[in-house]
Amino acid sequence: MADEAKEVQGWEVLARTVWIDDPWIRVRTDRCRSADGRIIDPFHVIDLPDWATVVGLTGDLELLMVRVYRHPFGRILLEFPAGGIDPGETLEAAAARELREETGHAAAGLVPLPAMYPSTGRTAGIAYPFFAPLVEAVGAPELEPAEELEVVSCDMIELLEGMHGAEAPIPGVHLAALHCAALRILAGTEERLEPLKTRLKAFYRV
């Protein structure tokens, strides 16, 4: 017979040491006490800024994406345009700004998708994805000095198939945002998206 389940409770923070604190990353070590009195020490946490990303469709119903070098992995990855949320900036404004800066495109409208925790074990930070049913070029990208990326367009179904069949690791939050956007398309009634909706139904077998 299985043991009676215990109610999960949070920890009390007894002490905190901050080792690094700048706009890009905050590294801290906490000394904690659990509800049953156990001392958890040390518990290291990396606080990352919250960020916004945009799953956008072009006029040709293709996904607007970027190929970007990610130094932690030493690899070039395919992602949706994304970036940090500035102080005092709304989530939607941050998403629109990052879309404009990284791709030179603007969205006719932004639909919020479910917020996500990219990593929950030792890292804090929230990703806020948005779906843009239509993005259009309005100028050249305005990249930061450390940014180097290539703007590309991708077929949505081919990307879904490629990500699910990929042998190498892929950016998980971007895949999750892609699926959420697909569900929005399937639930929507916009006539322009009907051809893509039909293909998505075949992909998901619904």
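The structure this text deals with has already been given above.
Bear in mind the structure is a predicted one, so any value in this text is a computation, not a measurement.

(A) Representation of the pairing of strand β1 (residues 12-21) within the structure. In the sheet, β1 pairs with strand β2 (residues 26-33) via 8 bridges, with the strands oriented antiparallel. By the bridge assignment for β2, Asp21 is matched with Arg26. Hairpin geometry of β1 and β2 is characterised by an intervening segment of 4 residues between the two adjacent antiparallel strands.

(B) Structural view of the side chain of Glu98. Looking at the secondary structure, you find Glu98 in helix α1 (residues 91-103). Glu98 gets classed as buried once you look at its relative accessible area, which sits at 5%. In this structure, Glu98 is in contact with Pro81, Ala82, Gly83, Gly84 and Thr103, ignoring residues within four places of it in sequence.

(C) The arrangement of the nonpolar core in detail. Counting residues in each nonpolar core, the largest one holds 29 residues, and the members touching the most others are Leu63, Met156, Leu178, Ile185 and Leu200. Only β4 (51-57), β5 (63-70), β11 (127-132), β13 (149-154), α2 (156-165), α3 (172-187) and α4 (194-204) provide two or more residues apiece to this core. Here this core takes 9 residues from α3, the largest share from any one element. Discounting residues that sit within four places of it in the chain, Leu63 has contacts with Val55, Gly56, Leu57, Phe80, Val152, Ser153, Cys154, Met156, Leu159 and Leu178.

(D) Structural view of unusual backbone geometry. With an omega dihedral of 5°, the bond running from Asp41 to Pro42 counts as a cis peptide bond. By secondary structure assignment, the location of Pro42 is in strand β3 (residues 39-47). Positive phi outside glycine occurs at Leu61, with the angle close to 65°. By the secondary structure assignment, Leu61 is in the loop between β4 and β5.

(E) Layout of the state of the cysteines. By the definition in use, this model includes 0 disulfides. Cys180 supplies the cysteine sulfur nearest to Cys154, a cysteine that is in no disulfide, at a spacing of 18 Å.

Calculation criteria
Residues numbered from 1 in each chain as written. Predicted model: local features only at pLDDT ≥ 70, side-chain atom pairs only at ≥ 80, totals over all residues. Heavy atoms only, no water. Pairing = 2+ DSSP bridges. Helix = DSSP H or I, 4+ residues; strand = E, 2+ residues; numbered from the N terminus. Buried < 20%, exposed > 50% of the residue type's maximum accessible area, 1.4 Å probe, protein only. Contact = heavy atoms within 4.5 Å. Core = buried A, V, L, I, M, F, W, Y, C linked by side-chain atoms within 4.5 Å. Disulfide = S-S within 2.5 Å.

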